[in-house]
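Descriptive structure summary
Given next are the chains, with one letter for each unit.
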Amino acid sequence: MAERPEDLNLPNAVITRIIKEALPDGVNISKEARSAISRAASVFVLYATSCANNFAMKGKRKTLNATDVLSAMEEMEFQRFVTPLKEALEAYRREQKGKKEASEQKKKDKDKDKKTDSEDQDKSRDEDNDEDEERLEEEEQNEEEEVDN
């Protein structure tokens, strides 16, 4: 847990960016108002986390999951955010699935390339060995011809 109350605040840069995106162009916000919004956001996050933790505890789990957060939002009477959160969660899951599949495909391709490289190296070694054997045979024949002469 945080040792100081300041440790519980969200980063100012994040808060400032969110505020700027929410306000129309040309509208400014004072440092005092930004600080108040930052503290309110931190309190909201702490409260939502506490409520979600209660749902996890009821389920005899130590890990909060998305269902716990969605249930907490409903319990906190923020039902209107549940649908957008579910949509964002589905988009996140699709994105993660796509990344996982791409990573697995990349690994398969890499393994395939390694196997191909290994086979190419083996083939190259075999060709080198064949050339060496041919060279040795020629040298032996030359030596035999010299001995015969």
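Note that the coordinates shown come from a computational prediction; the quantities given were computed from them, not determined experimentally.

**Considerations on the pattern of salt bridges**
Overall, the coordinates contain three salt bridges when judged by the stated rule. The partner of Asp68 in a salt bridge is Arg61, with the nearest N and O atoms 2.8 Å apart. Glu90 is the partner of Arg93 in a salt bridge, and the nearest nitrogen-oxygen pair spans 3.5 Å. Taken together, the positions of Arg93 and Glu90, both in helix α4 (residues 82-148) and three residues apart, correspond to about one turn of that helix. Note on Glu90: relative accessible area 38%, which makes it partly exposed.

**Comments concerning the packing of helix α1 (residues 12-22) against helix α2 (residues 31-58)**
At a minimum axis separation of 10 Å, α1 and α2 run at an interaxial angle of 105°. One way to sum up the angle between α1 and α2 is to call them roughly perpendicular. Facing α1, whose interface residues are Asn12, Ile15, Thr16 and Ile19, α2 presents Arg34, Ile37, Ser38 and Ala41. The residue makeup of the contact of α1 with α2, split by class, is four nonpolar, three polar and one charged.

**Examining a negative patch on the surface**
Taken together, the side chains of Asp126, Glu127, Asp128, Asp130, Glu131, Glu133, Glu134, Glu137, Glu138, Glu139 and Glu140 define an acidic patch exposed on the protein surface. For Glu139, a relative accessible area of 42% translates into the label partly exposed.

**A closer look at helix α3 (residues 66-75)**
Residues that lie three or four places apart on an α-helix share one face, since the helix turns once every 3.6 residues. Among all positions in α3, only Asp68, Leu70, Ala72 and Met73 are buried. N-capping of α3 is provided by Asn65, with a side-chain oxygen placed 3.0 Å from the backbone N of Thr67. Looking one or two residues beyond α3, the residue adopting positive phi is Glu77, at roughly 65°.

**Here's the deal with the confidence of the model for the chain**
Across the chain, pLDDT averages 85, with 87% of residues at or above 70. α4 is the least confidently modelled element of the chain, averaging 80 in pLDDT, while α3 averages 95, the highest of any element.

**Regarding the packing of aromatic side chains**
Tallied over the full model, the rule gives two aromatic pairs. Ring pairing ties together the aromatic residues Phe44, Phe78 and Phe81, which thus form one cluster. A cation sits over an aromatic face here: Lys58 above Phe55, 5.0 Å from the ring centre.

**Focus on the nonpolar core**
Listed in full, the eight residues of the largest apolar core are Ala48, Cys51, Ala52, Leu70, Ala72, Met73, Met76 and Val82. Broken down by secondary-structure element, the contributors of at least two residues to this core are α2 and α3. Beyond its immediate chain neighbours, meaning those up to four positions away, Met73 contacts Phe44, Phe78, Gln79, Phe81, Val82 and Leu85.

**Some words on unusual backbone geometry**
Positive phi is not limited to glycine here, since Lys60 has a value of about 55°. Here Lys60 lies in the loop between α2 and α3. You will see that Glu77, though not glycine, has its phi angle at about 65°, which is positive. Within the secondary structure, Glu77 is located in the loop between α3 and α4. When its relative accessible area of 66% is taken as the criterion, Glu77 is described as exposed.

The rules behind these values
- Residues numbered from 1 in each chain as written.
- Predicted model: local features only at pLDDT ≥ 70, side-chain atom pairs only at ≥ 80, totals over all residues.
- Heavy atoms only, no water.
- Salt bridge = Lys/Arg side-chain N within 4 Å of Asp/Glu carboxyl O.
- Helix = DSSP H or I, 4+ residues; strand = E, 2+ residues; numbered from the N terminus.
- Buried < 20%, exposed > 50% of the residue type's maximum accessible area, 1.4 Å probe, protein only.
- Axes fitted to C-alpha atoms, helices over the stretch in contact; angles between N-to-C directions.
- Parallel < 35°, antiparallel > 145°, perpendicular 65-115°, else oblique.
- Contact = heavy atoms within 4.5 Å.
- Nonpolar A, V, L, I, M, F, W, Y, C, P; charged D, E, K, R; others polar.
- Patch = residues over 30% accessible without salt bridge, like charges linked within 9 Å, V, L, I, M, F, W, Y side chains within 5 Å.
- Areas by Shrake-Rupley, 256 points an atom, 1.4 Å probe, with all protein chains shown as cover.
- Lys, Arg positive; Asp, Glu negative; His and termini not counted.
- Charge placed at Lys NZ, Arg CZ, Asp CG, Glu CD.
- Polar contact = N/O pair within 3.5 Å; in protein donor to acceptor, adjacent residues only side chain to side chain.
- pLDDT = per-residue confidence, 0-100.
- Phe/Tyr/Trp six-rings, centres within 6.5 Å; stacked < 30°, edge-to-face > 60°.
- Lys NZ or Arg CZ within 6 Å of the ring centre and 35° of its normal.
- Core = buried A, V, L, I, M, F, W, Y, C linked by side-chain atoms within 4.5 Å.

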